[in-house]
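One letter stands for each residue in the lines below.
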Amino acid sequence: NAGVTQTPKFQVLKTGQSMTLQCAQDMNHEYMSWYRQDPGMGLRLIHYSVGAGITDQGEVPNGYNVSRSTTEDFPLRLLSAAPSQTSVYFCASSFGATGARWNGYTFGSGTRLTVV
Amino acid sequence: TQLLEQSPQFLSIQEGENLTVYCNSSSVFSSLQWYRQEPGEGPVLLVTVVTGGEVKKLKRLTFQFGDARKDSSLHITAAQPGDTGLYLCAGVYGNKLVFGAGTILRVKS
């Protein structure tokens, strides 16, 4: 039972480079989300998905793209890295709502990204 | 501007003291969740509250959802060093889960 797996754990990019952060879950969760975490700002939602083929923007989507071709995978693409994208990135997944109650999100262990 | 405002931002207390963390919003949430995060790890769910006025207890932790479902509180009784961590509230807003900025709790022995 791997849960949510994020790769890589650490990455250093030069300004202008592109890369993809990988996220995979094996719990058959429909809902998946990407967050970034910066000091003093909690977790801010970048993009989210409610099922394969369906994605939407969160609070801070600029500079990031996502796609959801399968239930298991939800990669996050940085198109042209900028120093402002230096952050810790978390992927999370959930079953969503069961009746009126939302199930909790399961988080990966994060990717620490530095853009120089 | 974040949908959810948490206070205080930082709390440093002695072992055995009680504390309360607050989570406030001008929006109504269908569900509100509390998570705890330790350094180098992702957040872990503590509780979900749904009904206005709902109170849930988890050992020494008591969670309350406001009557109007716009605010919540987390009360810890007799805090222990093992309670140290970042406490985050999160609200379900449509199909999204949005987080407050968090409260860093440090419990000194």
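Because the structure is predicted, anything quoted here is derived from the model rather than measured.

## Regarding the nonpolar core
Among the nonpolar cores identified, the biggest contains 22 residues, and B:Leu19, B:Leu32, B:Trp34, B:Leu74, B:Ile76 and B:Leu105 are the most heavily contacted of them. Going through the elements one at a time, β2 (10-14), β3 (19-24), β4 (32-37), β5 (44-49), β7 (61-65), β8 (71-76), β9 (85-93) and β11 (103-108) of chain B are the ones with two or more residues in this core.

## A closer look at the state of the cysteines
Here, disulfide denotes a covalent bond that connects the sulfur atoms of two cysteines. On inspection of all chains with the given rule, the structure shows 2 disulfides over all chains. The disulfide bridge from A:Cys23 ends at A:Cys91, spanning 1.9 Å between sulfur atoms. A torsion of -70° about the S-S bond marks the disulfide between A:Cys23 and A:Cys91 as left-handed. Taken together, the residues A:Cys23 in strand β3 (residues 19-25) and A:Cys91 in strand β9 (residues 87-94) connect sequence positions 68 residues apart. For B:Cys23, the disulfide goes to B:Cys89, at an S-S distance of 2.1 Å. As the torsion about the S-S bond is roughly 75°, the B:Cys23-B:Cys89 disulfide counts as right-handed. Linking B:Cys23 in strand β3 with B:Cys89 in strand β9, this pair joins segments that are 66 residues apart in sequence.

## What about the pattern of salt bridges?
Evaluation of the coordinates by the stated rule reveals 5 salt bridges over all chains. Here A:Asp38 ties to A:Arg36 by a salt bridge, and the two come within 3.0 Å at their closest N and O atoms. Take A:Asp38: its relative accessible area is 12%, and that puts it in the buried class. As a salt-bridge pair, B:Arg60 and B:Asp83 come within 2.9 Å of each other at their nearest N and O atoms. Of this pair, B:Arg60 sits in the loop between β6 (55-58) and β7 while B:Asp83 sits in the loop between β8 and β9, and the two are 23 residues apart along the sequence. When salt bridges that share partners are traced, they join A:Arg36, A:Asp38 and A:Arg44 into one network.

## Observations regarding the environment of A:Trp102
Among the structural elements, A:Trp102 can be located in strand β11 (residues 101-102). Separated by 20 residues in the primary sequence, A:Trp102 and A:Ala82 place their C-alpha atoms 35 Å from one another. Leaving out residues up to four positions away in the same chain, A:Trp102 has contacts with A:Tyr31, A:Gly96, A:Ala97, B:Ser30, B:Ser31, B:Gln33, B:Thr48, B:Val92, B:Gly94 and B:Asn95.

## Focus on unusual backbone geometry
Backbone torsion omega between A:Thr7 and A:Pro8 reads -5°, so that peptide bond is classified as cis. Its location among the elements puts A:Pro8 in the loop between β1 (4-7) and β2 (10-13). Residues B:Ser7 and B:Pro8 are joined by a peptide bond in cis, for which omega reads -10°. Inspection of the secondary structure assignment puts B:Pro8 in the loop between β1 (5-7) and β2.

## Side note on the side chain of B:Gln6
Residues and elements named next belong to chain B. Summarising the element assignment, glutamine 6 is placed in strand β1. Using a relative accessible area of 9% as the deciding quantity, one classes glutamine 6 as buried. From its side chain, glutamine 6 meets the backbone oxygen of tyrosine 87 in a polar contact 3.0 Å long. Of the polar contacts made by the side chain of glutamine 6, one reaches the backbone nitrogen of glycine 102; its length is 3.0 Å.

## What about the interface of chain A and chain B?
Reports often express the size of an interface as the amount of accessible area lost when the parts come together. Contacts between chain A and chain B engage 22 residues on the former and 28 residues on the latter. Together chain A and chain B conceal approximately 1800 Å² of surface at their shared face, both sides included; 55% is due to carbon and sulfur atoms. Considering only the surface of chain A that becomes buried against chain B, A:Leu43, A:Arg101 and A:Trp102 emerge as the three largest contributors, covering 32% of it. For the interface between chain A and chain B, the tally reads 1 salt bridge. B:Glu54 is paired through a salt bridge with A:Arg101; the nearest N and O atoms lie 3.3 Å apart. Counting across the chain A and chain B interface gives 11 residue pairs in polar contact (both at pLDDT 80 or more). Listed by contribution, the elements that provide at least two residues to the side of chain A that touches chain B are β4 (31-37), β5 (43-51) and β11 of chain A. A total of 4 residues in the side of chain A that touches chain B trace back to one element, the largest contributor, which is β5(A).

## Describing the side chain of B:Ser72
Residues and elements named next belong to chain B. With respect to the helices and strands, serine 72 occurs in strand β8. On the basis of relative accessible area, serine 72 is assigned to the buried category, the value being 3%. Within the structure, the side chain of serine 72 is placed 2.9 Å from the side chain of tryptophan 34, a separation counted as a polar contact. A polar atom in the side chain of serine 72 sits 2.7 Å from the backbone oxygen of glutamine 64. Among all residues touching serine 72, those that are not within four sequence positions of it are Val21, Tyr22, Cys23, Leu32, Trp34, Gln64 and Phe65.

Reading the values: the criteria
Residues numbered from 1 in each chain as written. Chains lettered and ligands numbered in written order. Predicted model: local features only at pLDDT ≥ 70, side-chain atom pairs only at ≥ 80, totals over all residues. Heavy atoms only, no water. Core = buried A, V, L, I, M, F, W, Y, C linked by side-chain atoms within 4.5 Å. Buried < 20%, exposed > 50% of the residue type's maximum accessible area, 1.4 Å probe, protein only. Helix = DSSP H or I, 4+ residues; strand = E, 2+ residues; numbered from the N terminus. Disulfide = S-S within 2.5 Å. Salt bridge = Lys/Arg side-chain N within 4 Å of Asp/Glu carboxyl O. Contact = heavy atoms within 4.5 Å. Polar contact = N/O pair within 3.5 Å; in protein donor to acceptor, adjacent residues only side chain to side chain. Buried area = accessible area lost by both parts, 1.4 Å probe.

Geometry only, nothing functional implied.
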